[in-house]
Amino acid sequence: MIDKTYDPKQTEPLFYDAWESAGAFAADVNSDKTPYAIMMPPPNVTGSLHMGHALTFTIQDILIRYQRMRGRDALWQPGTDHAGIATQMVVERQLADQGVDRRDLGRDAFLEKVWQWKEQSGGTITRQLRALGASPDWQRERFTMDEGLSKAVRKVFVDLYNQGLIYRDKRLVNWDPKLQTAISDLEVEQREVNGKLWYFKYPLENRPGEYITVATTRPETMLGDSGIAVNPEDPRYTELVGSCAILPLVGRRLPIVADSYSDPEKGTGAVKMTPAHDFNDFEVGRRHDLELINIFDGTACLNDAVPEAYRGLERFEARARIVADLDAEGLLVKIEDTQHVVPHGDRSAVPIEPWLLDQWYVDAKTMAAPAIAAVEQGKTEFVPKSWENTFFDWMRNIQPWCISRQLWWGHQIPAWFGPDGSIFVALDEDQAQRDATAHFGHAVELSQDEDVLDTWFSSGLWPFSTLGWPAQTAELNRYYPGDVLVTGFDIIFFWVARMMMMGLHFMGEVPFRTVYIHALVRDAKGQKMSKSKGNVIDPLELIEQYGTDALRFTLAAMAAQGRDIKLAESRVEGYRNFATKLWNAARYCEMNNCEVGAEFNPADMKLDVNRWIVGELSRTIDQVAGAIDAYRFNDAANALYQFIWGSFCDWYLEFTKPVLTGDDAVAQAETRQTTAWVMRQALTILHPIMPYITEALWRQFGTGKHLIGAAWPDLSALPAASEAAANLEWVVRLISEIRSIRAEMNVPPAARVNLVLLAASDVTAQRLAAHLPVIRMMARIDNASCSNDEAPAGSVQSVIDEATIALPIADVIDIAQEQARLNKDIVKLEVEITKIDKKLGNPGFIAKAPEAVVIENRERLAEETRKRDQLQAALSRLAAL
């Protein structure tokens, strides 16, 4: 007996545990089925489920459940990332609450604390993924610092070093002075701030009383200046190129060089060069052989490379002192207010410093070439395809990849230093010691590099390290390369590119055949979610209120390619109502004794209505399968919604009520079996998106223990029922048109009107006669007839195929009142249309507004115009009465 209402809170955990204990998620490396593999982007071990997770893991779960049902040996490889900085910060904060500093503990004791935290608290995200209904092969779960993956990391580092693709170099890095580590570009947040632009005069050498004026937002870095750049096309400075200026407060000679980096339109057109503390200046300095002068220590305080008066000052304290001293010397020209972008550490929230440091680098340019070629040749395809341009743009301009981090938590770099600074890179310390002994001729003391590897280094190996590499395992041979990678656009460069480079280099093959880039989930107004805005939507709260299936269906239905998702809670509520509609339909079937007999064959059906719904089902199955195969998840969800809510519930169940309450026992038996059989197939094709409610109803309508293990339906062998389809589609169109007219004209729901079909063909007349009981019931028609005469007086008219629909309604509505209502609504729409049209006609709006906002306005304009035209047509109909 199906419960009166569906309670997700009670049933979801029960089904999930049953699936997992039955091994329903497990791949089988010994299977003779065609393999299908998705590598789960490993969420941070510190993480908790946010809406981006909910979207990406829902999409992956849809794919994996669908492919299982299609008969594939489907592996969804799960795991978590050790998340170097994030995890270390969590544990450091906990220790700080206890008055303990990690440096007091020492490295080994601190790492022991981190591992303890990981065991106690690191499973939050995987528990939440279970709540989302995600069905990866949990028995294969990996962690980027488990022993197998650590072995792979060490081997990759050693091999790339021996091949000359990893090297040590002194270059600029993004330095976080609070965390005291280099951070990746992904961990840098660009913030627009209100600042100052200071203009200073630098004296020209051997030209008393003459100066060159430079402008800067960072006066504290001037003590590290080693040159001045001007544009070679700027006539103001032509005669100064090749001469020198003198750095105030220091006395250093600064060569004046010509370089196109200097913009004549910005500031004074002369740019002070600090190659050790600015990425652009570093490149200019390399072109002109300018000196690299590092003036900061790891805490962003001034070091001994500056005059004694400034040593030890914190950078912003030094800024104020330098400005004051230059002003005192008469070298401060002016100060302007300005808005500019300052890079901040996304975790520390402090401005980062470009800092010159010895670091480990990967020769990314060399490794990028095969990845670029693979995408160019179609070995890996991006969906949507437009993201390939983003991939190419970044890869073709790729810079050396800094892979060392000044942390304790992570993969410690397998490099050891000898007493003279010689470097020995090896898989373990014993091998490094043997190499050092061979190098020096005797045993020496070695010290391992204290830095750890960038988290992206280990996660870049994920597609093959999780399958057992460097061992040649059966899993590696079977599931590499994967079929699709599902991820967000923000890590194309940081993760996708690295996996492509590493996979091609070490496996000789791309790691995945398709990269599906999903959109960003925004709030209902289209704004990016952030804690500061207070607009963060918690997926777990939505699951608690509306159930997992409602959230999953919402995300799928809104996941149009290339379009961000504007998520409103009302949408989730709406799809919860869809789940309720399905549940009530199942209860209706049960109450009407709808069951599938062992002898039932949908090809043997006689009734048009039953042949029609099976045809609709077959079409929907093909639509859903085609949409999922093409990563058009919104089309799949919408096809399911239209069939289940529309064709099945709103039309078929209503069409067949007269049959089930009639006297024809044969027709009743056929209809009961058809209804239950169609419900069974509908549950099957809905399951990948809404796994819980479909599994719950499977007990009533399905065969076999679990729906998750059922086969995807294939109705291709059924004979076409084109005549039945045409007949019922005509009925649907007729009833829909009559309902539309009634709504437009505000005909009272209880009012029954007559229907006259003018100039109807014999086929139309036969259709009307055959389905008259249903048409009268669903269109609220009193009498219906065909006629070749004029339309009855007071009729509103429309067209269906060759016939004209005439509905005499003048006696059941207040025509004057309806005309006033329609005119009022039309005026409102005209105002809105003018407002949107004006906005879209503004070149400034088009230039500045995000593409998604422009598209949204265009769609609103089209929708409002459609509504207005519809109301004007209704007004014209009224006028004709």
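Residues numbered from 1 in each chain as written. Predicted model: local features only at pLDDT ≥ 70, side-chain atom pairs only at ≥ 80, totals over all residues. Heavy atoms only, no water.

K.L.:
Provide a residue-level description of the sheet that holds strand β16 (residues 401-402), including the pertinent values.
P.N.:
One key point about sheets: their strands pair by backbone hydrogen bonds, in either a parallel or an antiparallel sense. One open sheet accounts for four strands, arranged β6-β5-β14-β16; its pairing is antiparallel. Two strands in the sheet have a free side with no partner beyond their single neighbour: β6 (181-183) and β16. In this sheet, β16 lies alongside strand β14 (residues 353-362) in antiparallel orientation, the contact comprising two bridges. Each bridged residue has a counterpart across the sheet, and for Tyr361 the counterpart in β16 is Cys402. (Pairing = 2+ DSSP bridges. Helix = DSSP H or I, 4+ residues; strand = E, 2+ residues; numbered from the N terminus.)

K.L.:
Got a sec to walk through the pattern of salt bridges? Specific residues and values, please.
P.N.:
This model, assessed by the stated rule, comprises 51 salt bridges. For Glu353, the salt bridge goes to Arg315, with nearest N and O atoms at 2.9 Å. Of this pair, Glu353 sits in strand β14 while Arg315 is found in helix α9 (residues 315-328), placing the two residues 38 residues apart along the sequence. A single burial state applies to Glu353 and to Arg315, both of which are buried. Each member of the salt-bridge network shares a partner with another, and the members are Arg218, Glu220, Arg315, Arg319 and Glu353. (Salt bridge = Lys/Arg side-chain N within 4 Å of Asp/Glu carboxyl O. Buried < 20%, exposed > 50% of the residue type's maximum accessible area, 1.4 Å probe, protein only.)

K.L.:
With reference to specific residues and values, describe the packing of helix α11 (residues 387-396) against helix α16 (residues 492-507).
P.N.:
Contact geometry for α11 and α16: axes closest at 11 Å, N-to-C directions at 80°. One finds that α11 runs roughly perpendicular with respect to α16. Across the interface between the two elements, Trp387, Thr390, Phe391, Trp394 and Met395 of α11 pack against Ile492, Phe493, Ala497, Arg498, Met500 and Met501 of α16. Here the residues of the contact of α11 with α16 sort into nine nonpolar, one polar and one charged. (Axes fitted to C-alpha atoms, helices over the stretch in contact; angles between N-to-C directions. Parallel < 35°, antiparallel > 145°, perpendicular 65-115°, else oblique. Contact = heavy atoms within 4.5 Å. Nonpolar A, V, L, I, M, F, W, Y, C, P; charged D, E, K, R; others polar.)

K.L.:
So, the packing of aromatic side chains: which residues are in play, and what are the values?
P.N.:
In total, this model carries 40 aromatic pairs according to the counting rule given. Aromatic side chains Phe110 and Trp408 sit 5.8 Å apart centroid to centroid with 65° between the ring planes, which places their arrangement in the edge-to-face category. With Phe110 in helix α5 (residues 107-121) and Trp408 in the loop between β17 (404-405) and β18 (415-417), the pair connects residues that are 298 residues apart, well separated along the chain. The pair Phe110 / Trp408 is uniform in exposure class, with both members buried. Between Tyr161 and Trp360 the ring centres are 6.0 Å apart and the planes differ by 65°, which places this aromatic pair in the edge-to-face class. (Phe/Tyr/Trp six-rings, centres within 6.5 Å; stacked < 30°, edge-to-face > 60°.)

K.L.:
Explain the side chain of Thr87 to me, using residue names and the numbers behind them.
P.N.:
With respect to the secondary-structure elements, Thr87 resides in helix α3 (residues 84-97). Other than its neighbours up to four places away in sequence, Thr87 contacts Val45, Thr46, His82, Val114, Trp117 and Trp409.

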